[in-house]
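# Structural overview for review
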Amino acid sequence: MNTLKSRLTAQAENTMRARRFAALDAAAKRKNQLRNKIPTYVELEMHIASLSAKRLKATDPATLEQLTNAVNTAVRDIENLLVKYNVPVNYAMPRFECNRCSDMGVLGAERCDCFRKLVNNSVAQEINRNSSIELKSFNTFTLNKYRDERKRSIMAGNLRVCREFADNFHLPCDGGLFLRGRTGLGKTHLSLAIANEVINQNYVVIYDSAINIIDAVLQSVYGSHDNNADNYKTADLLIIDDLGREYSNPQYSEKAMFEVINYRLNSGLPCIVNTNLRPKELYERYGEGVVSRLYLYTRLTFEGDDVRMQEGERQDED
Ligand SMILES: [Zn+2]
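Notes on the structure in this doc start here.

Calculation rules
Residues numbered from 1 in each chain as written. Predicted model: local features only at pLDDT ≥ 70, side-chain atom pairs only at ≥ 80, totals over all residues. Helix = DSSP H or I, 4+ residues; strand = E, 2+ residues; numbered from the N terminus. Buried ≥ 20, exposed ≤ 12 C-beta atoms within 10 Å, placed from the backbone. Contact = placed C-beta atoms within 7 Å. Expected span 1.5 Å × (residues − 1). Pairing = 2+ DSSP bridges. Axes fitted to C-alpha atoms, helices over the stretch in contact; angles between N-to-C directions. Parallel < 35°, antiparallel > 145°, perpendicular 65-115°, else oblique. Left-handed = near helix turned anticlockwise from the far one by under 90°.

Turning our eyes to something else, we now look at the overall build of the protein. Within the protein, the regular secondary structure consists of eleven helices and seven strands. Across the 318 residues of the protein, 27% fall into the buried class. Across the protein, every contact between residues at least 6 apart in sequence was considered, and the portion connecting residues at least 24 apart equals 77%.

So, on to helix α6 (residues 187–200). For α6, with 14 residues, the first-to-last C-alpha span of 20 Å sits near the 20 Å given by 1.5 Å per residue. For α6, the set of buried residues is K187, L190, S191, L192, A193, I194, A195, E197, V198 and I199. Once α6 finishes, N202 follows within two positions and takes phi at roughly 70°, a positive value.

This part takes up the sheet that holds strand β4 (residues 205–209). The parallel open sheet is built from five strands, whose spatial order is β4-β5-β6-β3-β7. Looking at strand neighbours, the two that pair on one side only are β4 and β7 (298–301), the edges of this open sheet. Between one strand axis and the next, the sheet turns through 15° on average, direction left out of account. Summarising the sheet, strand β3 (residues 177–180) and strand β6 (residues 271–275) pair through four bridges and their orientation is parallel. Among the inter-strand pairings, R180 is bridged to a residue of β6, identified as T275.

What follows covers the packing of helix α5 (residues 149–167) against α6. Two numbers describe a pair of packed helices, the interaxial angle and the distance between the axes. In contact at an axis separation of 9 Å, α5 and α6 are set at 20° when each is read in the N-to-C sense. Taken together, α5 and α6 sit at an angle that is classed as roughly parallel. Crossing handedness for the pair α5 and α6: right-handed. Between α5 and α6, the contacting residues are N158, L159, C162, F165 and A166 on the first element and L190, A193, I194, E197 and V198 on the second.

Put into structure tokens, the structure is as follows:
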């Protein structure tokens, strides 16, 4: 499967190769400048190369030591030469972006942090490109705007659950979050704060609207193959925003949503689902199959100060 993760990893590998090549190429060019500028530079270089070759072949300890000393002396001679010409001693050395891995992206069998960072940045970019939304932080989620003490304590509880979900994110995971409440009460903010934290833990997170997800899945089922459908199914964390806002035929929405949610549940991959639909509307639109699966997630209700909506919430407390 050409998933987002494998695509972005391959992309990052290419970026690393290009970085390393650029650093080595620039170093080679600087070395050529030195060769042109300083007549004895090439001689010393060749001298070091020949000593090093001899040292590689040497087996006798006394000879080895002698050759090592000779190489060190020649290196110092080159450094002195550069100082004489007012050139920094490391002028011709490669300048890697990451000195830990010399832009190879690996340290032994492990990926270097610079590589992980690169992949994460592309993931974050991908999310922002798809959703045109900035990643958020938990720290900017304020509870002060909830004047009513009961609502404030509900929201404090929601915030705590979301933080814990982000802090303890792991795979496989048979959980998930189901956030319900009207628009503008912080569901998106908290979802994006979780996305931010989980991306920082080096997981692939996709945030997208239900309408885009349903379209991609329907295309992959009924029409041309759309790789996005695979990405939605296999991302480490999928955040489905605004379930119920899509306009497609309910029968198709139900089929597509079931496909994604069921696949992810069976694969131990969590979802965060946001909706402003009431439970009754959810059943009508998506049917038992989808709703019973959504109800396996931790359910959080978001409440606000809108009187009309407060009445609505009371009717459908579940
Ligand atoms: Zn590195």
